[in-house]
Amino acid sequence: MNVSYNWLQDFVDLELPPQELADRLTLAGIAVENVIELGKGIDLVVTGRIEEINPHPNADKLVITIVNTGEEKLQIVTAATNVKEGDVVPVALEGARLAGGLVIKRAKLRGVESRGMMCSGQELGIDQKTMPPDQAHGIMILPPGTPLGRDAKEVLGLNDHILELDLTPNRGDCLSMIGVAREVAALLGRPTRFVEHSFPELKESIQGQVRVDIEDPGLCRRYIARLIKNVRVGRSPLWMQSRLRSAGMRPISNIVDVTNYVMLEMGQPLHAFDYDKLVDHHIIVRSAVDEEKMVSLDDVTRELSRDMLVITDPSGPVAVAGVMGGLSTEVTENTTSILLESAYFNPVSIRRTSKTLGLRSEASLRFEKGIDIGGCLRAVNRAVQLIYDMGAGEVVNGVVDNYISPISEKTIMFRPARATYVLGLDIPKSEASNILSSLQFKVQESGEDLLVTVPSHRVDVSIEEDLIEEIARMHGYDRVPATLPYGSSTQGVKTPEQSFRALIIDTLAGAGLHEVITYSFTNPRVFDLMNLPMDSPLRDAIKIQNPLSEENSVMRTMMLPGLLAVLANNFSRRVQDGAIFELGKVFIPSGIGNTHEERSVLAAAAVGRVGGSWKMPPLELDYYFLKGVLERLFSVLGTDPVSFHRETANPVFHPGRTASIEAGGRKLGVLGELNPDVLERYEFPERVVAFEIYLEELFAVLGRRNVYRSLPKFPGIERDLAVVIKREIPAGDILKIIRNTGGELLDSVSLFDIYTGEQVSEGCQSMAFSLKFQARDRTLTDAEISELTAAIASELSSRFGAELRG
């Protein structure tokens, strides 16, 4: 909200400079972000009238003008094409300074002397966006009756300061000059001056000429209409244009400017309809119909929905309530009668509509924060008076005021003792009463307490604590004594779940993976990319009601698509090696009706290879790399024993190179190479490995503590065992048998070689294991080792038909 210092003085006497006023407001909770001095550095610019325009003898694109400044006539050479004889323009005299520090000097342009310069709005520091389209890139044209020789800064309202307010969301009442004036008056202890509305009305009555029906009173509690005839559309007065520009708004026409001016002054958005274009002169306030359409004032066709409030006539929508008017009833230069609207619309409805349509206007901003329903009539009468004072129309007698749900006064009990307890500051009841009265609350004595009636413009005040806040900020936050906090304190510690997640991140990062964070929103197309069948429950994703785009229109049910998109993006930029992981949420069907549940997931993906030097080959980021990372993670976390089992039914992964991960009777997740179809769709020319782990399942199998033992005193003995066994038997099953048979004396076992070739039967393979035997209390004998090795070989033979390889 931009507040003009000069405009503010219409309502309250100000005797302190703008910066001091800004500081006082900020200390009272109305933060002033910046104070801007309009016309700063501009000097010796006056108004002048163009008397003559003659061609330049030496240049086709230049003309020679004679400009009358009231005291002298100046010859000025210009290239401007938007001026004509009789125009009044700002003239920079010799020695004048303009915005940006430009100094005007006498000069010769193609041999002709020029004694000054006619100015554009930009050269006077006026924002180009607030200029009329015909003057945005040319000389600024002033109204014909503008006196000559006047200081242009005074004429254009540039001898002013602008206070940029940074309001909190609850202070919608300060989105108006009058709202800020109330605050200033209370701070300075001064009375406020408000304009009394007085204007003659025609004898004819509005009754029978305008009809207003509210079909949805929950979204529109009040709708006021006034009728003005014999309208003359033209430019608004220069003083009004200047004030609109100071607030960052572009003047359009006298009628539209009046509605914007009243909105800025009183905080009540208004709208003007061309009365003759309203079918049957009948206003209907209702909810839109799904797929109903309307062309808005910016000439864009808007598709409406049933949760939007619209203003219609019998033929269809003529405005989106509180957001933007329709092109069909726009006020133009041919308009002769207008209907002025002043209404109260539901803040939540307006917020939702403006966000859905992508239309955020000054009007919708005020409706969203809540306007003064009791001020609707005052605002429309203020607009009528301005139109009458400009001679732009005649007012039809009477008003249509459809006020379905009048508000009742809100009265709050204020207890000074409660205020003292909350603030830690003893403010006398008399001072509290004076503060509230100065803010235009009605105050009545009630014993030791006060009964406070809240004015209708303070929609943010509803409980006693709100009143205490008002008293504290007006008394002065800087006057509240500083005190140290007291009470018992506790030491902050991480929850087991937080420590669990932190340990996972540290472990994976230590293994060389990079953590990434991807969107929880995704594109429905990824389900096809990930090779999911049409009946897969993972396709049942939550649709977002107001997505930023189709690319992010549903909540993800898998983590891997986001990781693959990151790898593919890097791969296309020649970063073709890498391993990444993410801890995040997926949103999957719960299996109960149409509901969904959030699940925490750990996912990782890797491609290519890393490391390598003249002495060491690069490390392949393959299935075994990620399997090793997971085994390290499970060891650090202290999970129950984890096993990997072949999985062939997962459409995302390669059917022959995928394993399900299980522990403690739970399926923790899946690990494997991605399906070749998935690789092709993501345009990966080489293998990608990945895993997904459900954190809730992993957390449930924690509990094994790491047990540290002293170094052994007795040596261990290593033996190699090579067996020929059928290929389809998983190595995990073989290792399990070896460990169980070896018992406590088997310290460790590892697979170090797999061989298939001529010396091995077809359908079989040779697997070589390294076994380490060790006892804590003695040195084992060769006989004991041989007996254990033989027992292991016998068990493998009986279980799997394994044969010792010679």
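Along each chain, residues carry numbers from 1 onward, in the same order as the chain's sequence is written. Selection of residues for local features in this predicted model requires a pLDDT of at least 70, selection of side-chain atom pairs for listing and counting requires 80 or more, and totals for whole chains, interfaces and linings are taken over all residues. The basis for every side-chain value is the complete set of heavy atoms in the structure, and neither hydrogens nor water enter the calculation.

## Describing the pairing of strand β5 (residues 73-78)
Strands pair, by our definition, only if DSSP identifies at least two bridges between them. Only runs of H or I of at least four residues qualify as helices and only runs of E of at least two qualify as strands under DSSP, and these elements are numbered from the N terminus. Where strand β4 (residues 63-68) and β5 come together, 6 bridges link them in antiparallel fashion. Across the sheet, Val-67 pairs through a bridge with Leu-74, a residue of β5. Between β4 and β5, which pair antiparallel in sequence order, lie 4 residues; one of them, Gly-70, sits at a positive phi of approximately 95 degrees.

## Describing the domain arrangement of the chain
Assigned domains within the chain: domain 1 (2-38 + 161-188), domain 2 (43-155), domain 3 (201-403), domain 4 (411-475), domain 5 (496-700) and domain 6 (717-804). Note that the domain bounds were set by an automatic or database domain assignment. For domain 1 versus domain 3, the separation of C-alpha centres amounts to 27 Å. Note on contacts: a residue pair qualifies if any of its non-hydrogen atoms lie within 4.5 Å across the two residues. Domain 1 puts 14 residues into the contact, and the matching count from domain 3 is 12 residues. The junction of domain 1 with domain 3 conceals about 1100 Å² of combined surface from both sides, 59% of it contributed by carbon and sulfur atoms. Buried area: the accessible area, evaluated with a 1.4 Å probe, that two parts lose upon being put together, summed over both parts. Contact with domain 3 buries area across many residues of domain 1, yet Asn-2, Trp-7 and Leu-175 alone supply 51% of it, more than any other trio. The term salt bridge refers to a side-chain nitrogen of Lys or Arg lying within 4 Å of a carboxyl oxygen of Asp or Glu. Inspection of the domain 1/domain 3 interface yields 1 salt bridge. The salt bridge partner of Asp-10 is Arg-243, with a shortest N-O separation of 2.8 Å. We call two N or O atoms a polar contact when they sit within 3.5 Å, provided that within protein one can donate a hydrogen and the other can accept it, with sequence-adjacent residues counted only if both atoms are side-chain atoms. Run the count over domain 1 and domain 3 and you get 6 residue pairs in polar contact (both at pLDDT 80 or more). Of all the secondary structure elements, the ones that give two or more residues to the side of domain 1 that touches domain 3 are β1 (2-4), α1 (5-8) and α4 (177-188). Any residue outside Ala, Val, Leu, Ile, Met, Phe, Trp, Tyr, Cys, Pro, Asp, Glu, Lys and Arg is labelled polar, Gly included; the first ten of those are nonpolar and the last four are charged. Considered class by class, the residues forming the side of domain 1 that touches domain 3 number 8 nonpolar, 5 polar and 1 charged.

## Here we look at the sheet that holds strand β33 (residues 642-646)
Strand pairs in the sheet, formed through backbone hydrogen bonds, run parallel or antiparallel to each other. With respect to topology, 7 strands assemble into an open sheet ordered β26-β29-β30-β36-β35-β34-β33, the strand pairing being mixed. Among the strands making up the open sheet, the edge pair consists of β26 (514-515) and β33. The sheet contact formed by β33 and strand β34 (residues 653-663) spans 5 bridges and is antiparallel. Opposite Ser-643, over in β34, you have Glu-662 as the bridge partner. Contacting β26, β29 (578-589) and β30 (596-607), helix α13 (residues 496-510) crosses the sheet at an angle of about 150 degrees to β29. Between N-to-C directions, angles cover 0 to 180 degrees, with each direction set by a line fitted to C-alpha atoms, over the stretch in contact for helices.

## Observations concerning the sheet that holds strand β2 (residues 32-37)
Taken together, the 3 strands give an open sheet; going across it, the order is β1-β10-β2, and neighbouring strands pair in antiparallel fashion. One side of each edge strand has no neighbouring strand; the edge strands of this open sheet are β1 and β2. Mean inter-strand twist for the sheet, computed between neighbouring axes without regard to direction, equals 25 degrees. Pairing of β1 with strand β10 (residues 161-165), which is carried by 3 bridges, proceeds in the antiparallel orientation.

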